[in-house]
Amino acid sequence: MQPTTKLPKVGTTIFTVMSQLAVEHQAVNLGQGFPDFSVPVFLVEALGRAVREGKNQYAPMTGIPALRQAIAAKTARCYGRVVNADSEITVTGGGSEAIFDALLALVRSGDEVIVLDPCYDCYEPAIDLAGARAVHVPLDPVDFSVDWEKVRVAISPRTRMLMINTPHNPSGAMFTADDVATLTGLLRGTDIILLSDEVYEHIVFDGRRHESMLRYPELAERTVVVSSFGKTYHCTGWKMGYCIAPSALSAEIRKVHQYNNFCNFAPAQWAFAEMIEQHPEHYEGLGEFYESKRDRFRAQLEGTHFQPLPVPGGYFQLVNYSAISDLPDAEFCRWLTTEKGVAAIPLSPFYESPPAGQRLARLCFAKNESTLDAAIERLARI
Ligand code: GLN
């Protein structure tokens, strides 16, 4: 039987495609974003302990209280916002589940959702499944900043939600306090919900401050903030994250979460609760940890024909490859993987319509030095 597809524009994600291609061609995989180094030992031990102690049955649907309380304390500490651990925090199966739950719970058929291109590839399918329409507003093609005038023009009486992402995947661009001020003015007097994807919140460089929407009471009242344990604790495969939203929004999100996922891997919830409480230095030092990786990798790229763009935050390095090839990015990344042995991610899948002639690829530097060295050795030969 050939079903009518509900997602005609969707194939297999570019991250899956490139990782498979990397395996087939023994390429160094700087494509899909995941660290290749260890999870903190304390976290691994806490997980093992939780399993051995029998914390293996369903957790409460919203997350175990100890974890939600640890998240609330961390949120107050990092962003100065006191959130209610019982009614405003929901533990989810990674950031993606939180995004899906929020879209399905809060966006209605016929609504419009504004996304800023390039945007993460799961946003639009979630919007489509909610029966809504994605309205794409392009970011600046050079520095990936937001043109707020374009956003203002895109807002209509049907706009139900605006989705933002800082630090930004794929570019690493970050919102400034000025962006937040403009955004606040733009949304004032509307009933537009903000979904703020902040999964790279602790990976920020050069003394910058992560402008979480949680720092801003007026915005936080209308915002779903999405966070990821995978990004912060080097365990993307555990698929654990959470969202913070005012009670009324959280109550709706939980109506979807309880049927979509119900509850997350319980032993890891106990482990994260201990890790957050006992080792704040891990997330506090994450920016510095990745900054040295970024700096080393960028210095190495100087010896290649790839031109690195600035990286304010996150763990991706965009490179301009126009000195090497005039191929469109998808073809170039395929060639780089299969012929040159380094997997990268093209930017075009992050766009409704990519800027003409854009020759950029995304490389993930959340890797051991040996992995990055092996990649650079291959890149330098091109
Ligand atoms: N967030 C990851 C990235 O941007 C991909 C995650 C996935 O493959 N689902 O590379």
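Novice: An account of the overall build of the protein chain is requested, with residue identities and associated values reported.
Specialist: For the protein chain, the helix and strand inventory stands at 15 helices and 13 strands. Taking 21 Å as the expected radius of gyration for a compact globule of 382 residues, we find that the protein chain reaches 20 Å, a close match to that expectation. Counting every position in the protein chain, which comprises 382 residues, the buried fraction comes to 58%. Summarising the internal contacts of the protein chain: among those between residues at least 6 apart in sequence, 75% fall at separations of at least 24. Summed over its atoms, the accessible surface of the protein chain is roughly 15,900 Å², and 52% of this surface lies on carbon and sulfur atoms. Charge separation in the protein chain, taken as the distance between the mean sites of 35 positive and 45 negative side-chain charges, equals 3 Å.

Novice: Explain the site of the ligand to me, and be specific about the residues and the numbers.
Specialist: Around the ligand lies a shell formed by Phe15, Gln32, Gly33, Tyr120, Asn169, Phe316 and Arg362. Between Gly33 and the ligand, the recorded distance is 2.7 Å, taken from a backbone N or O atom to an oxygen atom. Within the side chain of Arg362, a nitrogen or oxygen atom sits 2.6 Å from an oxygen atom of the ligand. Across the shell around the ligand, the residue classes tally to 3 nonpolar, 3 polar and 1 charged.

Novice: Tell me about the sheet that holds strand β10 (residues 316-320), residues and numbers included.
Specialist: What the 4 strands build is an open sheet, ordered β9-β10-β13-β12; its pairing is antiparallel. Only two strands of the sheet have a single partner each, and these edge strands are β9 (307-308) and β12 (345-346). Two elements, β9 and β10, share 2 bridges in a ladder whose sense is antiparallel. Residue Gln307 lies in a different strand from β10, and its bridge partner there is Asn320.

Novice: Can you tell me about the packing of helix α2 (residues 41-52) against helix α11 (residues 266-278), naming the residues and giving the values?
Specialist: Interaxial distance between α2 and α11 falls to 8 Å at its minimum, and their mutual angle equals 140 degrees. Taken as axis vectors, α2 and α11 run oblique relative to one another. By crossing handedness, the relation of α2 to α11 is classed as right-handed. Contacts from Phe42, Leu43, Ala46, Leu47, Arg49, Ala50 and Val51 of α2 reach α11 at Pro267, Ala268, Trp270, Ala271, Phe272, Glu274, Met275 and Gln278. Looking at side-chain class alone, the contact of α2 with α11 contains 12 nonpolar, 1 polar and 2 charged residues.

Novice: For unusual backbone geometry, give the residues involved together with the corresponding values.
Specialist: With an omega dihedral of 5 degrees, the bond running from Asp117 to Pro118 counts as a cis peptide bond. The topology assignment puts Pro118 in the loop between β3 (112-117) and α5 (123-129). With an omega dihedral of 20 degrees, the bond running from Asn169 to Pro170 counts as a cis peptide bond. On the secondary structure map, Pro170 appears in the loop between β5 (159-165) and α7 (177-187). Backbone geometry at Gln26 places phi at a positive 50 degrees, although glycine is not the residue there. Looking at where Gln26 falls in the secondary structure, it is placed in the loop between α1 (14-24) and β1 (28-29).

The rules we used
- Residues numbered from 1 in each chain as written.
- Predicted model: local features only at pLDDT ≥ 70, side-chain atom pairs only at ≥ 80, totals over all residues.
- Heavy atoms only, no water.
- Helix = DSSP H or I, 4+ residues; strand = E, 2+ residues; numbered from the N terminus.
- Rg over C-alpha atoms; globule rule 2.2 N^0.38 Å.
- Buried < 20%, exposed > 50% of the residue type's maximum accessible area, 1.4 Å probe, protein only.
- Contact = heavy atoms within 4.5 Å.
- Areas by Shrake-Rupley, 256 points an atom, 1.4 Å probe, with all protein chains shown as cover.
- Lys, Arg positive; Asp, Glu negative; His and termini not counted.
- Charge placed at Lys NZ, Arg CZ, Asp CG, Glu CD.
- Near = heavy atom within 4 Å.
- Polar contact = N/O pair within 3.5 Å; in protein donor to acceptor, adjacent residues only side chain to side chain.
- Nonpolar A, V, L, I, M, F, W, Y, C, P; charged D, E, K, R; others polar.
- Pairing = 2+ DSSP bridges.
- Axes fitted to C-alpha atoms, helices over the stretch in contact; angles between N-to-C directions.
- Parallel < 35°, antiparallel > 145°, perpendicular 65-115°, else oblique.
- Left-handed = near helix turned anticlockwise from the far one by under 90°.

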